[in-house]
Amino acid sequence: MDQNSFLFVESNTTGTGELLLKRARSLGFEPYLVTRNPSRYPFLAECGARVIEAETRNPDEIIRIAAKLAGLAGIFSSSDYFVESASRVAKAIGLPAARPEAIANCRNKWKQVTELRRQSISVPETRLVSSVRDVEKALVQTIFPVVLKPVSGSGSCGVRLCENTSEAVEAFKGAKGVLLDQVDLHSPEILIQQYVEGQEYSAEIIAYNGSLHCLGIIAKHKGAPPCFVEIGHDFPAPLPEPSRDELASFAAGAVSALDLDFGPAHVEFVISESGPVIIEVNPRLAGGMIPVMLSHGLGTSIPDMMIKLYSGEAFVPLRASKNAAAVRFRLAHQSGKIKRLVFFENLGPNTPEAGLLKSEGEDIQINGDFRDRVAYAVGVADEVNVAASAAERMIDSIMLDIETPTREPDNNRDAGLSEPTWTLHPEAMKLLAPPIEISRDGRLLQFQAAIDEAHLVMLADHGLVGQAVAADLLTSILDLQGEGFKSLDGRDAPRGLYLAYEAELAARAGEDRAGWLHLARSRNDLNATISLLALREAVSSVSREIGIAQDALLQRAEEASNLVAPLYSQYQIALPGSPGHYLLGVFFALERERQRLHRLLEDIRSCPMGAGAGGGTSMPIDPLETASLLGFELPSFNSLDAVASRDLHLNGLSLFTSVSILLSRVAQDLQVWTTREFALIDVPRNLAGGSSMLPQKKNPYLLEHIKGSASTVMGAYVSAASATCKAPFSNSIESSNYGCSPLGLAEDALKRAIILTSLLVKFMSFNVTSMRRNLEDGLAMTTVAAERMAARGVPFRSAHTQIGEIAARLSQDSCLANRRGELACHLGGVLPASPEECREALEFGGGPAKASTDAQLSLATSLFRETQLKCAEIRERWASAEMYRKRRVKELIHGRPPP
């Protein structure tokens with residue numbers, strides 16, 4: 001066999017498994033993969049690894065294979081289930097590895113938590129169960145919620161959040177067999193852990209030569225409960241650096257307590273109210289594409305680091321991260337056959353890597369774990385929020401179409417409880433009531449569920465609905481949310497989204513209970529409330545994107561304020577200015593728009609719930625409680641106003657239009673400045689396109705998209721205004737549907753324009769030579785010359801006339817320097833000696849002089865910080881209301897009285 005071989009014992013099926021094999025070959029090794037089942041790895045044909053089929057659950061058999069590989073440099077496994085075997089084999093033949101006993105104790109999460117508790121390291125309260133009877137006994141005195149998980153495993157397989165004993169029993173049954181279809185392993189023992197509330201993080205640790213080195217602290221994002229699917233990671237975690245250092249020390253303490261002395265450790269923990277709590281320590285490289293994200297953030301390949309470490313090279317600690325990075329995943333929303341799976345965005349400077357984890361034509365089954373992921377995208381930037389936004393934009397560009405088996409429509413069921421006989425004509429249904437699509441309707445269903453939670457809590461608090469009825473309904477609503485409303489996907493909705501949703505709740509909780517849900521409300525106040533929730537979310541989202549654009553403007557303005565460039569009036573050179581001065585002008589204009597958006601958010605104060613169909617209700621409800629639970633400040637004072645008015649939506653669309661017009665004007669300037677005639681800026685090739693016919697041409701076509709988006713936003717405003725203008729002042733389809741539905745179209749178009757503007761501002765380059773050349777003839781300095789003459793006693797109009805006549809007599813055939821020399825001869829000591837001197841003279845009235853620009857930059861930075869804080873405060877208020885509502889829902893479900 002070949003020299004310099006490297007042996008991999010099994011692999012993870014997604015993430016870094018394929019990458020490790022490829023990187024081993026790039027580093028000069030001959031990679032081998034020993035596996036029990038080669039068909040588990042669809043990437044083997046492309047990675048160039050030699051495959052050895054063997055029983056990998058038997059370390060002795062792997063040792064025999066390893067002994068035959070000449071020049072074997074290292075042994076490694078990226079699979080949680082085989083790190084122990086790889087370690088035993090490596091130790092047996094004298095290659096670098098961690099102690100197998102330590103890995104075994106760590107992989108057994110019961111032994112792990114026992115050892116950590118013994119060494120006074122904070123862990124959740126944990127019980128070990130092996131039967132349904134054990135589960136029921138363990139939960140007698142337990143405070144819910146709890147988490148059930150297999151005693152060994154990874155990728156969130158079999159991990160479930162349980163709110164009661166029956167859920168725990170079902171989770172136990174599922175967890176016992178969850179590993180059989182993956183690695184043919186049984187899970188006879190299951191852990192029950194107390195759920196720890198708080199933000200979850202991970203620490204990526206490398207143990208080497210008696211020291212523990214933390215590569216970084218990473219923030220986790222998870223999907224909807226009861227599952228724990230990781231849908232994203234941010235590096236570095238948005239925490240103060242001292243806090244990250246403390247957490248790194250805390251995580252290293254857990255690794256040390258478990259006696260892990262070599263290689264990687266992936267430490268997961270939650271920061272609870274009482275401090276950090278270890279969830280689990282994994283004696284392996286992190287999954288979830290974290291190594292890929294870290295490689296981009298740290299500026300060094302983590303897979304290369306592992307291969308070198310396990311082949312005997314010394315570990316060199318990294319000094320600091322070069323960039324912030326983030327990874328985001330797209331999950332499948334339903335089971336079925338994947339018909340279409342494709343990215344519509346191209347990779348760019350902020351999204352260097354993205355990939356598909358599933359293939360078109362592949363069958364997918366929703367499992368509630370890592371297998372639900374279909375794609376990933378990595379974002380990189382100077383700031384972690386910018387990196388995260390880039391990854392999210394790439395993920396949001398995915399087209400995912402999953403085909404499910406067709407079924408006969410159940411119109412009677414979907415028509416809703418209160419209107420079982422209304423069945424829409426099939427032709428009308430095609431036009432007006434298409435089947436529910438979660439990708440399109442999911443956000444509205446989330447708003448609907450939130451309103452139901454608030455409404456039921458209020459009804460129960462005031463004795464209008466029994467607590468048991470409310471608890472059952474809320475449990476069903478939580479179940480629907482946790483499933484991502486997938487049971488509604490593809491269902492006919494002949495009488496609208498709400499009645500189809502209500503019918504599903506009736507099927508789950510029973511019609512006698514679901515019948516109470518609509519007490520003291522109507523679809524009119526429901527729709528009005530949903531539309532306001534959608535509006536405030538859209539406005540907040542646009543504000544966040546504007547903030548990213550403003551940040552880019554400030555950064556470029558600061559670096560370009562010393563440059564000199566023409567300032568134009570009606571496309572004619574007027575005065576010397578600077579790119580920084582121009583960018584600050586755009587910043588201040590955007591800042592006013594953003595402040596108007598925030599004033600609109602402050603105006604969205606009154607919640608329509610309680611207005612009913614427009615005439616209120618005879619029930620003694622408490623609309624203020626419902627409003628507070630949804631993040632509003634007040635109930636509506638007039639029931640008719642609550643369901644009839646759509647002025648806030650028109651205001652929002654008007655503001656969106658104003659922002660889009662501003663961005664279109666900026667794009668027009670930038671497009672002109674890219675031309676050869678102006679040549680003031682250049683756009684990088686990855687933000688431009690070529691011509692299908694003209695080989696020399698570079699088209700800055702993204703600027704045309706920015707300008708074109710303005711027409712979509714303006715059209716949305718005109719459409720909404722036209723629909724509303726002749727509607728009666730009451731609830732009507734014109735105002736509630738056609739008057740509000742353009743909001744989503746406008747939001748998407750405007751955010752697209754803002755994001756493209758941010759990219760172009762951030763990465764365009766300034767043509768310093770060309771900017772200065774356009775000022776060399778001195779004509780742009782004549783205004784300052786006239787003002788200097790005025791300062792010496794010559795009336796400005798006379799000075800203006802004299803200099804205008806001199807400029808008109810200049811020979812246009814002479815070179816720039818000669819024309820400037822002619823001006824200097826005529827104007828003596830009043831003509832500035834250079835464009836820079838002229839620019840510095842323009843100090844007053846907010847001009848482009850350095851002192852003036854610095855003052856503008858200081859003010860802009862201060863305004864930006866204040867506005868960012870305001871944006872965060874607004875969202876924090878909504879988040880606090882949501883957290884309180886969720887707590888009240890849990891209290892009702894578990895029968896605890898309100899505080």
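Residues numbered from 1 in each chain as written. Predicted model: local features only at pLDDT ≥ 70, side-chain atom pairs only at ≥ 80, totals over all residues. Heavy atoms only, no water.

> For this particular structure, what's the right way to read the overall build of the protein chain?
Secondary structure summary: the protein chain contains 33 helices and 27 strands in total. Against the 2.2 N^0.38 benchmark of 29 Å for 899 residues, the protein chain shows a C-alpha radius of gyration of 32 Å, consistent with a compact globule. Each principal axis of the C-alpha atoms in the protein chain carries an extent, and together these give about 100 × 85 × 55 Å. Residue burial in the protein chain is summarised as follows: out of 899 residues, 53% are buried. Of all intrachain contacts in the protein chain linking residues separated by at least 6 positions in sequence, the fraction that spans at least 24 positions is 72%. Summed over all atoms, the accessible surface of the protein chain reaches about 38900 Å², with 51% contributed by carbon and sulfur. Seen as two clouds, the 91 positive and the 107 negative side-chain charges of the protein chain have centres 2 Å apart. (Helix = DSSP H or I, 4+ residues; strand = E, 2+ residues; numbered from the N terminus. Rg over C-alpha atoms; globule rule 2.2 N^0.38 Å. Buried < 20%, exposed > 50% of the residue type's maximum accessible area, 1.4 Å probe, protein only. Contact = heavy atoms within 4.5 Å. Areas by Shrake-Rupley, 256 points an atom, 1.4 Å probe, with all protein chains shown as cover. Lys, Arg positive; Asp, Glu negative; His and termini not counted. Charge placed at Lys NZ, Arg CZ, Asp CG, Glu CD.)

> I keep staring at the side chain of Ser 202 and nothing clicks. Help me out?
The topology assignment puts Ser 202 in strand 9 (residues 199-208). Only 2.7 Å separates the side chain of Ser 202 from the side chain of Glu 204, close enough to count as a polar contact. When residues no more than four places from it in sequence are discounted, the contact partners of Ser 202 are Gly 216, Ile 217, Ile 218, Lys 220, His 266, Val 267, Glu 268, Phe 269 and Ile 290. (Polar contact = N/O pair within 3.5 Å; in protein donor to acceptor, adjacent residues only side chain to side chain.)

> I would appreciate a short explanation of the packing of helix 20 (residues 523-560) against helix 33 (residues 850-893) in the present structure.
In helix packing, the relevant descriptors are the interaxial angle and the interaxial distance, both defined with respect to the helix axes. Packing of helix 20 against helix 33 brings their axes to within 11 Å, and their N-to-C directions diverge by 155°. With respect to their mutual orientation, helix 20 and helix 33 come out roughly antiparallel. The hand of the helix 20/helix 33 crossing is left-handed. Together, Arg 536, Glu 537, Ser 540, Ser 543, Arg 544, Gly 547, Gln 550, Asp 551, Leu 554, Ala 557 and Glu 558 of helix 20 and Leu 857, Ala 860, Thr 861, Phe 864, Gln 868, Cys 871, Arg 875 and Trp 878 of helix 33 make up the contact between the two elements. Grouping the amino acids of the contact of helix 20 with helix 33 by side-chain chemistry returns seven nonpolar, six polar and six charged. (Axes fitted to C-alpha atoms, helices over the stretch in contact; angles between N-to-C directions. Parallel < 35°, antiparallel > 145°, perpendicular 65-115°, else oblique. Left-handed = near helix turned anticlockwise from the far one by under 90°. Nonpolar A, V, L, I, M, F, W, Y, C, P; charged D, E, K, R; others polar.)

> Whenever I open this one, the pattern of salt bridges confuses me. Can you help?
Opposite charge on two side chains allows them to pair when their charged atoms are near. Tallying each qualifying case throughout the model produces 50 salt bridges. In this structure, Arg 885 engages Glu 453 in a salt bridge whose closest nitrogen and oxygen atoms are separated by 2.8 Å. Linking Arg 885 in helix 33 with Glu 453 in helix 16 (residues 438-461), this pair joins segments that are 432 residues apart in sequence. You can call Arg 885 buried: its relative accessible area is 6%. You can call Glu 453 buried: its relative accessible area is 0%. (Salt bridge = Lys/Arg side-chain N within 4 Å of Asp/Glu carboxyl O.)

> Sorry, what's going on with the sheet that holds strand 15 (residues 336-343) here?
The sheet built from three strands is open, its strands ordered 17-15-19 with antiparallel pairing. Every other strand in the sheet has two partners, leaving strand 17 (363-364) and strand 19 (398-403) as the edge strands with one partner each. Two elements, strand 15 and strand 19, share six bridges in a ladder whose sense is antiparallel. For Arg 340, the partnering residue across the bridge sits in strand 19 and is Asp 401. (Pairing = 2+ DSSP bridges.)

> Looking at this structure, how should I read the nonpolar core?
Generally speaking, soluble globular proteins have nonpolar side chains that are buried together. Tyr 501 and Phe 656 are the most contacted members of the largest nonpolar core, which has 117 residues in total. With 16 residues, helix 20 is the largest single contributor of residues to this core. The contacts of Tyr 501, once residues within four sequence positions are left out, are Leu 445, Gln 448, Ala 449, Asp 452, Ile 477, Leu 480, Phe 485 and Leu 488. Membership of the second largest hydrophobic core comes to 70 residues, among which are Val 255, Ala 265, Met 305 and Leu 309. (Core = buried A, V, L, I, M, F, W, Y, C linked by side-chain atoms within 4.5 Å.)

> Looking at this model, I keep getting lost on the state of the cysteines. Mind explaining?
Counted by the stated rule, this structure contains zero disulfides. Take Cys 106: it sits in no disulfide, and the sulfur closest to it among the cysteines is that of Cys 214, at 16 Å. (Disulfide = S-S within 2.5 Å.)

> What is the right way to read the pairing of strand 15 from this model?
Put simply, side chains in a regular strand alternate between the two faces of the sheet. Inspection of the sheet shows strand 15 paired to strand 17 by two bridges, in the antiparallel sense. Opposite Gly 336, over in strand 17, you have Ile 364 as the bridge partner.

> Help me understand the sheet that holds strand 1 (residues 5-9) in this model?
One key point about sheets: their strands pair by backbone hydrogen bonds, in either a parallel or an antiparallel sense. Read from one edge to the other, the open sheet built from four strands follows the order 3-2-1-4, with strand pairing classed as parallel. The open sheet has two edge strands, strand 3 (50-53) and strand 4 (72-76), and neither has a second partner. Between one strand axis and the next, the sheet turns through 25° on average, direction left out of account. Strand direction decides the pairing type here: strand 1 and strand 2 (residues 30-35), joined by five bridges, are parallel. By the bridge assignment, Val 9 is partnered in strand 2 with Val 34.

> What is the right way to look at helix 12 (residues 302-310) in this model?
For the α-helix, the turn length of 3.6 residues means that residues three or four positions removed from each other point alike. For helix 12, the tally of buried residues reaches eight of nine residues, placing the bulk of the element in the interior. Ile 302, Pro 303, Asp 304, Met 305, Met 306, Ile 307, Leu 309 and Tyr 310 are the residues of helix 12 that are buried.

> When you look at the packing of helix 21 (residues 579-603) against helix 24 (residues 647-673) in this model, what are you seeing that I'm missing?
Relative to each other, helix 21 and helix 24 sit at 170°, their axes nearing to 10 Å. On the basis of the axis angle, helix 21 is roughly antiparallel to helix 24. Across the interface between the two elements, Tyr 582, Val 586, Ala 589, Leu 590, Glu 593, Arg 596, Leu 597, Leu 600 and Asp 603 from helix 21 touch Leu 648, Asn 651, Gly 652, Leu 655, Phe 656, Ser 658, Val 659, Leu 662, Leu 663, Val 666, Asp 669 and Trp 673 from helix 24. Tallied by class, residues from the contact of helix 21 with helix 24 come to 14 nonpolar, three polar and four charged.

> What's the story with the environment of Ile 75 in this structure? I'm lost.
Examined against the element boundaries, Ile 75 turns out to sit in strand 4. Separated by 55 residues in sequence, Ile 75 and Leu 20 place their C-alpha atoms 12 Å apart.

> I would appreciate a short explanation of unusual backbone geometry in the present structure.
Going from Phe 144 to Pro 145, the amide bond is cis rather than trans, its omega being 5°. Note on placement: Pro 145 falls in the loop between helix 7 (132-138) and strand 6 (146-150). Phi angles above zero are rare outside glycine, and Ala 520 is one such case at about 65°. Examined against the element boundaries, Ala 520 turns out to sit in the loop between helix 19 (511-514) and helix 20. Classification of Ala 520 by relative accessible area gives buried; the value is 10%. A positive phi angle, near 55°, is found at Gln 570, a position not held by glycine.

> What is the right way to read the environment of Leu 478 from this model?
In this fold, Leu 478 is placed in helix 17 (residues 467-482). Distance in space between the C-alpha atoms of Leu 478 and Phe 343 is 31 Å, their sequence separation being 135 residues. When residues no more than four places from it in sequence are discounted, the contact partners of Leu 478 are Glu 453, Lys 886, Val 889 and Ile 893.

> Got a minute to help me understand the packing of aromatic side chains in this structure?
Any aromatic ring pair is given by two values, namely how distant the centres are and how the planes are angled relative to each other. All chains considered together, the criterion is met by 14 aromatic pairs. Taken together, the aromatic side chains of Tyr 568, Tyr 582, Trp 673 and Phe 678 make up a single cluster linked through ring pairs. When the ring centre of Phe 329 is taken as origin, the NZ or CZ atom of Arg 373, which lies over that ring, is 4.1 Å away. Across the ring face of Phe 632, the terminal group of Arg 536 is positioned such that the distance to the ring centre comes to 4.9 Å. (Phe/Tyr/Trp six-rings, centres within 6.5 Å; stacked < 30°, edge-to-face > 60°. Lys NZ or Arg CZ within 6 Å of the ring centre and 35° of its normal.)

> Quick question: what am I supposed to make of the pairing of strand 8 (residues 190-194) here?
Taken across its five residues, strand 8 has four buried, putting it largely inside the fold. Bridge count between strand 5 (residues 126-129) and strand 8: four bridges; the pairing is antiparallel. Across the sheet, the residue bridging to Val 129 is Ile 190, located in strand 8. Judged from the five bridges that link them, strand 6 and strand 8 form a sheet pairing that is antiparallel. Each residue of the ladder has a partner; that of Val 147, found in strand 8, is Gln 193.

> Sorry, what's going on with the environment of Leu 775 here?
Note that Leu 775 resides in the loop between helix 28 (768-773) and helix 29 (782-791). Distance from Leu 775 to Phe 235, taken between C-alpha atoms, is 46 Å for residues 540 residues apart in sequence. Other than its neighbours up to four places away in sequence, Leu 775 contacts Val 564, Ala 565, Pro 566, Ile 573, Leu 575, Pro 576, Ala 780 and Pro 835.

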